[in-house]
Amino acid sequence: MDAMMIHFRTQHGSVLDAGLARVILPGVMLMALVASPVLAQSQDVTERVRALFTSKCADCHGAELKKPKGGLGNIEHVQALLANAKYVKRFDPANSLLYQYLDGSQTPQMPKGDDPLTLDELKLVRE
Ligand code: HEC
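Parameters at a glance
Residues numbered from 1 in each chain as written. Predicted model: local features only at pLDDT ≥ 70, side-chain atom pairs only at ≥ 80, totals over all residues. Helix = DSSP H or I, 4+ residues; strand = E, 2+ residues; numbered from the N terminus. Buried ≥ 20, exposed ≤ 12 C-beta atoms within 10 Å, placed from the backbone. Near = placed C-beta within 6 Å. Nonpolar A, V, L, I, M, F, W, Y, C, P; charged D, E, K, R; others polar. Core = buried A, V, L, I, M, F, W, Y, C linked by C-beta atoms within 7 Å. Contact = placed C-beta atoms within 7 Å.

Trainee: Whenever I open this one, the overall build of the protein confuses me. Can you help?
Mentor: For the protein, the count of helices and strands is five helices and zero strands. When the elements of the protein are put in sequence order from the N terminus, they spell out α-α-α-α-α. Going through the 127 residues of the protein one by one, you find that 12% of them count as buried.

Trainee: Any chance you could explain the site of the ligand here in plain terms?
Mentor: Close contacts around the ligand come from 21 residues, with Cys57, Cys60, Lys69, Gly70 and Met110 the closest. Breaking the shell around the ligand down by element, the ones donating at least two residues are α1 (2-56), α2 (58-61) and α4 (97-103). At four residues, the largest contribution of residues to the shell around the ligand is made by α4. Here the residues of the shell around the ligand are counted per class, giving twelve nonpolar, four polar and five charged.

Trainee: What is the right way to read unusual backbone geometry from this model?
Mentor: Excluding glycine, a negative phi dihedral is what most residues carry, and trans is how most peptide bonds are arranged. Cis geometry marks the peptide bond from threonine 107 to proline 108; its omega dihedral reads -5°. Of note, the amide linkage connecting methionine 110 to proline 111 takes the cis form, showing an omega dihedral of -5°. When you line up the elements, proline 111 lands in the loop between α4 and α5 (119-126). In this structure, asparagine 74 is a non-glycine residue whose phi angle is positive, near 55°. Turning to its location among the elements, asparagine 74 is positioned in the loop between α2 and α3 (78-82). In this structure, phenylalanine 91 is a non-glycine residue whose phi angle is positive, near 60°. Its place among the elements puts phenylalanine 91 in the loop between α3 and α4. Looking at phenylalanine 91, the number of C-beta atoms within 10 Å reads 9, which means it is exposed.

Trainee: Before we go on, may I ask you to explain the nonpolar core in this structure?
Mentor: In a soluble, globular protein the nonpolar side chains are often hidden away together inside. Grouped together as the largest cluster of nonpolar side chains are twelve residues: Val49, Phe53, Cys57, Ile75, Val78, Leu81, Leu98, Tyr99, Tyr101, Leu102, Met110 and Val125. Counting only elements with at least two residues in this core, the list comes to α1, α3 and α4. By residue number, the principal contributor to this core is α4, which donates four residues. Residues within four places of leucine 81 in sequence aside, it is in contact with Tyr87, Val88 and Leu98.

See the structure below:
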């Protein structure tokens, strides 16, 4: 009896799933097609900012430091940084503490003891 019930349910389920899949799949595929270039671009920017911060900032703000400078560590974790309202006001670099330290409106300008970022590097971080 139990076995029959289970059998019935799976059959019923799979008929339903197949019907749903026929409706949903093309939609999902279309969305993936439209979204992937945008996604790829923003991942690319994130990767390049990560590379920049890892080379220029990680000595003082790196994840492996027990006492990162200014209390800011994990500089390589760009996604987490973007989500941290203390440092980043989304799409508003002029009001983002992180950016203010880079363009010199907050002192000491970062990266401390090194040349300021180039305009291209600043542009990358703004994105
Ligand atoms: C040579 C060490 C050094 C390097 C390299 C460095 N920093 Fe800093 N950073 C500091 C120190 C020290 C402070 C604390 C400054 C203060 O308030 O006196 C600080 C503070 C900061 C703050 C403010 C933290 C807060 O909560 O107030 C930000 C943001 C920051 N750094 C970002 C960066 C970024 C981004 C880079 C790379 C482009 C960088 N720093 C590179 C030493 C460094």
